[in-house]
Amino acid sequence: GAHHWKVVDQSGRSFFVTVDDLDDKNWLADTREAVFAGLRHALGTAAALQRDAGLRFVVAPIESAANDIVRRLDDRYAMSVYPFLIGESSPFGPHTDPQRRAEVLDLLVALHGATRAVRGLLPPHRLRVGGRGDLDAVLSDGDRPWAQGPFAEPARALAASHAPALTEVLEGSDRLAETTATARSDAVLTHGEPHPANLMSVDGRLVLLDWDTVALAP
């Protein structure tokens, strides 16, 4: 969902530049405008955690001279700029080292404890299936041909052949969201993806990256 570059300015200072594709963040919303608004809230929350809550492990974007945390480049793309960090990263997967896992849990406890400091910056997370409108349209009109490319018709046929099962799963998801609403009402600040690839060891301490999934959630 994002493109990355290392950028060096005229003074020799390095930055990590991220350009987000607003068409590829459907956990935030279904339209580009709404996705950009959600991204701005998420990255603004990361900045507030670092600045106001004193969480040094949060890697947040650098604010521009105009106080922008993320800037729209065009209708589809938005850019944010980060410090360029030199450290040790890890691949995707589970936390297999017990000591590292305990360190990550400490970070998450601190993050949950900072909920009050940023509660007004984020709406509560809403349980939803990304791209639900498109999926509902496919299931309600499964016989309409798809002509967008060589894999379109095989994909449509595959979806149509599993339409009853997909419908059952979606209906079950809706029921689960409804029946757990009360239990999920006590929300804390969550990162969303604290897996090893979103952590780095920098100068002997852990930092947490990639805050576009931050939310108030159970």
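Residues numbered from 1 in each chain as written. Predicted model: local features only at pLDDT ≥ 70, side-chain atom pairs only at ≥ 80, totals over all residues. Heavy atoms only, no water.

Draft legend 1. Representation of the nonpolar core within the structure. With 39 residues, the main nonpolar core has Leu49, Val58, Leu189 and Trp211 as its most contacted residues. When residues of this core are traced back to their parent elements, those giving at least two are helix 1 (32-51), strand 4 (77-83), helix 2 (98-113), strand 7 (199-202) and strand 8 (205-208). Residue contributions to this core peak at nine residues, all from helix 1. What Leu49 contacts, discounting residues up to four positions off in sequence, is Gly54, Leu55, Val58, Leu111, Ala114, Val118, Leu189 and Trp211. (Core = buried A, V, L, I, M, F, W, Y, C linked by side-chain atoms within 4.5 Å. Buried < 20%, exposed > 50% of the residue type's maximum accessible area, 1.4 Å probe, protein only. Helix = DSSP H or I, 4+ residues; strand = E, 2+ residues; numbered from the N terminus. Contact = heavy atoms within 4.5 Å.)

Draft legend 2. Just the packing of helix 5 (residues 152-161) against helix 6 (residues 163-179), in detail. Relative to each other, helix 5 and helix 6 sit at 65°, their axes nearing to 5 Å. One finds that helix 5 runs roughly perpendicular with respect to helix 6. On helix 6, the residues touching Ala159, Ala160 and Ser161 of helix 5 are Ala163, Pro164 and Leu166. Tallied by class, residues from the contact of helix 5 with helix 6 come to five nonpolar, one polar and no charged. (Axes fitted to C-alpha atoms, helices over the stretch in contact; angles between N-to-C directions. Parallel < 35°, antiparallel > 145°, perpendicular 65-115°, else oblique. Nonpolar A, V, L, I, M, F, W, Y, C, P; charged D, E, K, R; others polar.)

Draft legend 3. Broad picture of helix 5. Every buried residue belonging to helix 5 is among Ala152, Arg156 and Ala159, and all of these are buried. The buried residues of helix 5 all sit within an arc of 65° when viewed along its axis, so they share a single face. Structurally, helix 5 contributes buried residues whose contacts are with helix 4 (132-140) and helix 6. (Arc of directions from axis to C-beta.)

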